[in-house]
Amino acid sequence: MTAEEPYLVQPAAGVYAYVQPDGGWCLNNAGFVSDGGQTLLIDTAATERRALALRDAVVAAGVPLPRTVVNTHHHGDHTYGNAVFAPEALILGHDNARTEQIAAGHQLEMIWPATDFGAIEITAPDLTYSDRMTFHLGETEVRVIHPGVAHTTGDSIVFLPRRRVVFTGDLVFAGGTPFLAMGSLAGSLRALELLRSLDAETVVPGHGPLTDPSAYESTGRYLRYVAELAREGRAKGLTPLEVARGADLGEFAAWRESERLVANLHRAYAELAGEPEGAPLNILAVLQDMTVMNGGTPILCHA
């Protein structure tokens, strides 16, 4: 358990962001939108206990439990709690998010066997879409948009145009390092352009505190930094790990999970080699390199 408890922020009428400090590995954000008659939930949580706490937070806000859950992507920290809300709630995700979640299965338990995830029943989306969908909760319009391959191949952005609030999923980590191992560097840059075009005022990131569109600029600078490191390192015949160990992180040094740099370089190298965006990497090798970058200590799940 982290020292800080999850908390709710209400950036607009009927819109709630559920923030889990400090936003590190497995400490994701969720959120919900309600008109008082029906509720839509955005993402769940990594453990049964945390998903039940999220459920309690919805009830404490005085709104109905959700009839719909939108998963911003398949990773377990955003989807493992789906079963806490199903079958009363319909689970929605991108076509690829369903495929990826089923393929990943209990991957987090395998990566972090010491973490108490509780009784996790993998509950993939019942309803999938390919490009975009729109929900109407009373007067509130909720647009669900697929940005293409970015953090994963099955990402969803949840945008409330009248409220000028966007839930980015893991396209944005506020104060944390982006993670491209299952997605695309080029695609992530395109996703930032899409996010800019929405002109939201409040940005609810996948991890970290609420922010604003300036997060797109800092994320973009980091992604271009990774791309340049990869071009230079590959030209010199260096491995992603060698490049990462010699890199000066500069303005990004204070971001959480700096070890993700090596994972992102693996993705950048694959794209430079002509691999399709989102093509599977050797995740075991990526995890091993991140362990080296983490001083030889395996990365920790903080849930």
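Calculation criteria
The residue numbers shown here count from 1 along each chain, following its written sequence. Reporting in this predicted model follows two pLDDT cut-offs: at least 70 for local features of residues, and 80 or more for side-chain atom pairs to be given and counted; totals over whole chains, interfaces and linings ignore these cut-offs and use all residues. The side-chain figures draw on all heavy atoms in the structure; neither hydrogens nor water molecules are used. Working definition: with a 1.4 Å probe on protein chains only, accessible area under 20% of the residue-type maximum means buried, over 50% means exposed, and in between means partly exposed. Note on conventions: DSSP H or I runs of at least 4 residues are helices, E runs of at least 2 residues are strands, and numbering of each starts at the N terminus. Working definition: the arc comes from the directions between the helix axis and the C-beta atoms, pointing outward to the latter. Contacts are residue-level and defined by heavy atoms, with any inter-residue pair within 4.5 Å sufficient. Any pair of N or O atoms that falls within 3.5 Å is considered a polar contact. Within protein, one atom must be able to donate a hydrogen and the other to accept it, and sequence-neighbouring residues count only if both atoms are side-chain atoms. What is meant by a nonpolar core is a set of buried Ala, Val, Leu, Ile, Met, Phe, Trp, Tyr and Cys residues, joined one to another through side-chain atoms within 4.5 Å. Throughout this description, the term salt bridge denotes a Lys or Arg side-chain nitrogen within 4 Å of a carboxyl oxygen of Asp or Glu. In this tally, Lys and Arg are treated as positive and Asp and Glu as negative; His is ignored, and so are the chain termini.

J.: Even after reading the chapter, I still don't get helix α10 (residues 283-293), so can you show me in this structure?
T.: An α-helical segment advances 3.6 residues per turn. Residues three or four places apart therefore align on the same side. Within the span of α10, buried status applies to V286, D289 and M290. Down the axis of α10, the sector holding all buried residues measures 100°, keeping them to one side. Check the buried side of α10 and you find it contacts α8 (240-245) and α9 (260-272). Where α10 begins, one side-chain oxygen reaches toward the backbone nitrogen of L284, 3.2 Å away; that side chain belongs to N282. With its phi angle positive at about 75°, G295 sits one or two positions after the end of α10.

J.: Can you walk me through the nonpolar core in this structure?
T.: Counting 54 residues, the largest nonpolar core has V166, L195 and L261 as its most contacted members. Listed by contribution, the elements that provide at least two residues to this core are β10 (157-160), β11 (165-173), α6 (185-198), α7 (214-235), α8, α9 and α10. Apart from the residues lying within four places of it in its own chain, the contact partners of V166 are I157, V158, F159, L195, L198, A200, T202, V203, V204 and Y216. Ranked by size, the runner-up nonpolar core spans 18 residues in total, among them F135, V158, L160 and V204.

J.: How should the pattern of salt bridges be read in this particular structure?
T.: Where charged atoms of side chains with opposite charge meet at close range, the side chains can pair. Applying the stated criterion across every chain yields a total of 11 salt bridges. Here E141 makes a salt bridge to R143, at a shortest N to O gap of 2.6 Å. Residue E193 pairs with R196 through a salt bridge whose shortest N-O separation is 2.6 Å. Note that E193 and R196 are positioned in helix α6 at a spacing of 3 residues, about one turn of the helix. Residue E193 is classed as partly exposed on the basis of its relative accessible area, which comes to 49%.

J.: Teacher, can you tell me more about the side chain of T44 here?
T.: With respect to the helices, strands and loops of the structure, T44 is situated in the loop between β4 (39-42) and α1 (48-60). Overall, T44 belongs to the buried group, its relative accessible area being 1%. Among the polar contacts listed, one links the side chain of T44 to the backbone nitrogen of G81, at a separation of 3.2 Å. A distance of 3.2 Å separates a polar atom in the side chain of T44 from a polar atom in the side chain of N82. Apart from the residues within four sequence positions on either side, T44 is in contact with N28, A30, L54, V69, D77, H78, T79, Y80, G81, N82 and F85.

J.: Looking at this structure, I do not really get the side chain of E259. What am I missing?
T.: Within the fold, E259 resides in the loop between α8 and α9. No salt bridge is formed by the buried E259, whose closest oppositely charged neighbour, R260, lies at an N-O distance of 5.4 Å.

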